[in-house]
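What follows is the residue order along each chain.
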Amino acid sequence: MYICAALPYEINEFHTPSCRVICWRFMHQVIVTVFVGWLSVLRFNRFQDVLYKKSDIFSVGMDSMGYGLLLLIHLIVYCENTWKSLYYIEIFNNFEMILQKFQLNLKFKLNISRLHLYTVVLYSMLALNITITFFVIYLRYIKSLNAIRLLLAQYSEFILKLKLTEYALFLVIIIVIQLHLNVFTKHYVRHTIPRLKCMPEGREQDEILHVIGILQDIHYLLISNVNNLEHYFAWSLPMLILKMFSEIVLTSYWIYFSVDFKINLYFQLYGYSVIVLHIIIVFVISCLCSKCEKLDAEFSNIFHMTKHERYNPFLNALLKEMSLQIFHQKIRFTAGGFIDVNYKLFGKFLFATVCYVVILIQFHMSV
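Here the structure is a predicted model, which is why all the values come from computation and not from measurement.

## Here's the deal with the overall build of the protein chain
Line of reasoning, step 1. Each helix and strand in the protein chain was counted, giving 10 helices and zero strands.
Line of reasoning, step 2. Listed N to C, the secondary structure of the protein chain is α-α-α-α-α-α-α-α-α-α in terms of helices and strands.
Line of reasoning, step 3. Here the protein chain holds 367 residues, and 49% of them are scored as buried.
Line of reasoning, step 4. For the protein chain, long-range pairs separated by at least 24 residues make up 86% of all intrachain contacts whose partners lie at least 6 apart in sequence.
Line of reasoning, step 5. Here the protein chain has roughly 19900 Å² of accessible surface; of this, 66% comes from carbon and sulfur atoms.

Here's what the structure looks like:
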């Protein structure tokens, strides 16, 4: 797992690393850089021989940019996994605290069947892409050493897709928690609280205050995890979106001109599968982020639009305080703060892709 540094160094902010550890990290980064660079050069030479004319400087430049971006993103993912490991631990700790509050404090059991379904779908998409890639390599390069080189290169692509799948799984966990939080809150606020026809006192008042406080804590932990996710993926997510955008554009450009070079049909099918897979990945991530934002808005509306006893100042104050907290702490996903990740991102992604493909084709025809 050299490429993505699957064995990241856990950075402890309370201890300064020794000189030996710093030297080892530097050597590890150099090895990662050389290894990924070697894979990129091999793939670049192969595609240059098969697909391009030697005098086609424009196409060679586009190809160099694509694989140079691959090298850069792997270094970013490596550094992110290494230097931001504390956020990763904090994310899991917050999820564990939320689970305990549901089970121990609210006596509400989470149904994780939906989580299993989403997980299977995400990993099935990833497995489908790997299967198609290996099938193409098997048909074309099984009798040559290029098969090993291409397998290593595709392994580097697989690591990046695995990083996006990891981000999507975190989003799925947030969605599942938010769904259960909305169900419990809707039932409690709209059915349990209105049964109290007078000012709650004593035990009833303490119970309501306790439950509302737990709901506030769960929502705060969700907001904290969203912020931790944004910090943990602040470097890799915008670069991965940029890489998918550039790969769709370049692959579409290659497919358009592959007819003149009589490229094998399997390569064209592989190109189509790459384009479709990247579009699906962007759509899934945008859909999950938008779903989280929608569920958070529904959670806020439960308190804001609840029909409760107007003459009960205690309930009014609690619900108003909770509504204000949720109003000022909204769930919002961004790619490193550069762009919001939701349905708008998917629309902009498709529009920009089509525009740049047309620009590249027109520019190449004019050269």
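Here the narrative resumes.
## Focus: the side chain of Thr251
Line of reasoning, step 1. For Thr251, the position within the fold is in helix α7 (residues 236-261).
Line of reasoning, step 2. By relative accessible area, Thr251 is classed as buried at 8%.
Line of reasoning, step 3. Among the polar contacts made by the side chain of Thr251, one reaches the main-chain carbonyl oxygen of Glu247 at a distance of 2.6 Å.
Line of reasoning, step 4. Residues within four places of Thr251 in sequence aside, it is in contact with Gly271, Val274 and Ile275.

## Things to note about unusual backbone geometry
Line of reasoning, step 1. For Lys107, which is not glycine, the phi torsion reads 55° and is therefore positive.
Line of reasoning, step 2. Mapped onto the secondary structure, Lys107 falls in the loop between α3 (85-105) and α4 (113-141).
Line of reasoning, step 3. A residue is classified by how much of its surface remains accessible, and Lys107, at 67% relative accessible area, is exposed.

## Thoughts on the pattern of salt bridges
Line of reasoning, step 1. One pass over the full model with this rule turns up three salt bridges.
Line of reasoning, step 2. The partner of Lys101 in a salt bridge is Asp217, and the shortest N-O contact between them spans 3.7 Å. Highlighted residues: Lys101 in helix α3 and Asp217 in helix α6 (residues 203-232), separated in sequence by 116 residues.
Line of reasoning, step 3. Taking relative accessible area as the criterion, Lys101 reaches 18% and is therefore assigned buried.

## With respect to the packing of aromatic side chains
Line of reasoning, step 1. Scanning the entire structure with this criterion turns up 14 aromatic pairs.
Line of reasoning, step 2. Ring centres 6.1 Å apart and planes at 45° place the aromatic pair Phe102 and Phe108 in the tilted group.
Line of reasoning, step 3. Measuring from ring centre to ring centre gives 5.6 Å for Phe108 and Phe184, while their planes differ by 65°; the resulting arrangement is edge-to-face. Placement of the pair is Phe108 in the loop between α3 and α4 and Phe184 in helix α5 (residues 146-192), with a sequence separation of 76 residues.
Line of reasoning, step 4. An aromatic cluster is built from Tyr88, Phe92, Phe95, Tyr167, Phe170, Tyr232 and Phe233, whose rings are joined through pairwise contacts.

## A word on the nonpolar core
Line of reasoning, step 1. Counting 83 residues, the largest nonpolar core has Leu215, Phe303 and Phe333 as the members making the most contacts within it.
Line of reasoning, step 2. At 16 residues, α5 tops the list of elements feeding residues into this core.
Line of reasoning, step 3. Discounting chain neighbours no more than four positions away, the residues touching Phe303 are Thr185, Val189, Ile212, Leu215, Leu319, Met322, Ser323 and Ile326.

## Topic: the environment of Asn81
Line of reasoning, step 1. Assignment of secondary structure puts Asn81 in helix α2 (residues 57-83).
Line of reasoning, step 2. Assessed through its relative accessible area of 12%, Asn81 is described here as buried.
Line of reasoning, step 3. Sequence separation between Asn81 and Tyr232 is 151 residues; the distance between their C-alpha atoms is 8.2 Å.

## A few points about a nonpolar patch on the surface
Line of reasoning, step 1. Together, Leu265, Leu269 and Tyr272 give the surface a local cluster of nonpolar side chains, amounting to about 320 Å² of exposed area.
Line of reasoning, step 2. By the secondary structure assignment, Tyr272 is in helix α8 (residues 265-304).
Line of reasoning, step 3. Given a relative accessible area of 46%, Tyr272 falls into the partly exposed group.

## With respect to the side chain of Asn342
Line of reasoning, step 1. As for its position among the elements, Asn342 is in the loop between α9 (313-328) and α10 (343-366).
Line of reasoning, step 2. The buried category is assigned to Asn342, whose relative accessible area is 11%.
Line of reasoning, step 3. Ignoring anything within four residues of it in the chain, the contact list for Asn342 reads Ser286, Ser290 and Glu293.

## Overview of the environment of Asn111
Line of reasoning, step 1. Looking at where Asn111 falls in the secondary structure, it is placed in the loop between α3 and α4.
Line of reasoning, step 2. Along the sequence, Asn111 and Leu179 sit 68 residues apart, while their C-alpha atoms lie 10.0 Å from each other.

## A word on the confidence of the model for the protein chain
Line of reasoning, step 1. Per-residue confidence for the protein chain averages 75 on the pLDDT scale, and 66% of its residues sit at or above 70.
Line of reasoning, step 2. Below a pLDDT of 50 lies the segment residues 1-15, which in the model reaches 35 contacts outside its immediate sequence neighbourhood of four places, other chains included.

## So, α3
Line of reasoning, step 1. In this model α3 runs 30 Å from its N-terminal to its C-terminal C-alpha over 21 residues, within 8% of the 30 Å that 1.5 Å per residue would give.
Line of reasoning, step 2. Those residues of α3 that sit buried are Ser85, Ile91, Asn94, Phe95, Ile98, Lys101 and Phe102.
Line of reasoning, step 3. A positive backbone phi angle near 55° is found at Lys107, which sits one or two residues after α3.

Cut-off values and rules
Residues numbered from 1 in each chain as written. Predicted model: local features only at pLDDT ≥ 70, side-chain atom pairs only at ≥ 80, totals over all residues. Heavy atoms only, no water. Helix = DSSP H or I, 4+ residues; strand = E, 2+ residues; numbered from the N terminus. Buried < 20%, exposed > 50% of the residue type's maximum accessible area, 1.4 Å probe, protein only. Contact = heavy atoms within 4.5 Å. Areas by Shrake-Rupley, 256 points an atom, 1.4 Å probe, with all protein chains shown as cover. Polar contact = N/O pair within 3.5 Å; in protein donor to acceptor, adjacent residues only side chain to side chain. Salt bridge = Lys/Arg side-chain N within 4 Å of Asp/Glu carboxyl O. Phe/Tyr/Trp six-rings, centres within 6.5 Å; stacked < 30°, edge-to-face > 60°. Core = buried A, V, L, I, M, F, W, Y, C linked by side-chain atoms within 4.5 Å. Patch = residues over 30% accessible without salt bridge, like charges linked within 9 Å, V, L, I, M, F, W, Y side chains within 5 Å. pLDDT = per-residue confidence, 0-100. Expected span 1.5 Å × (residues − 1).

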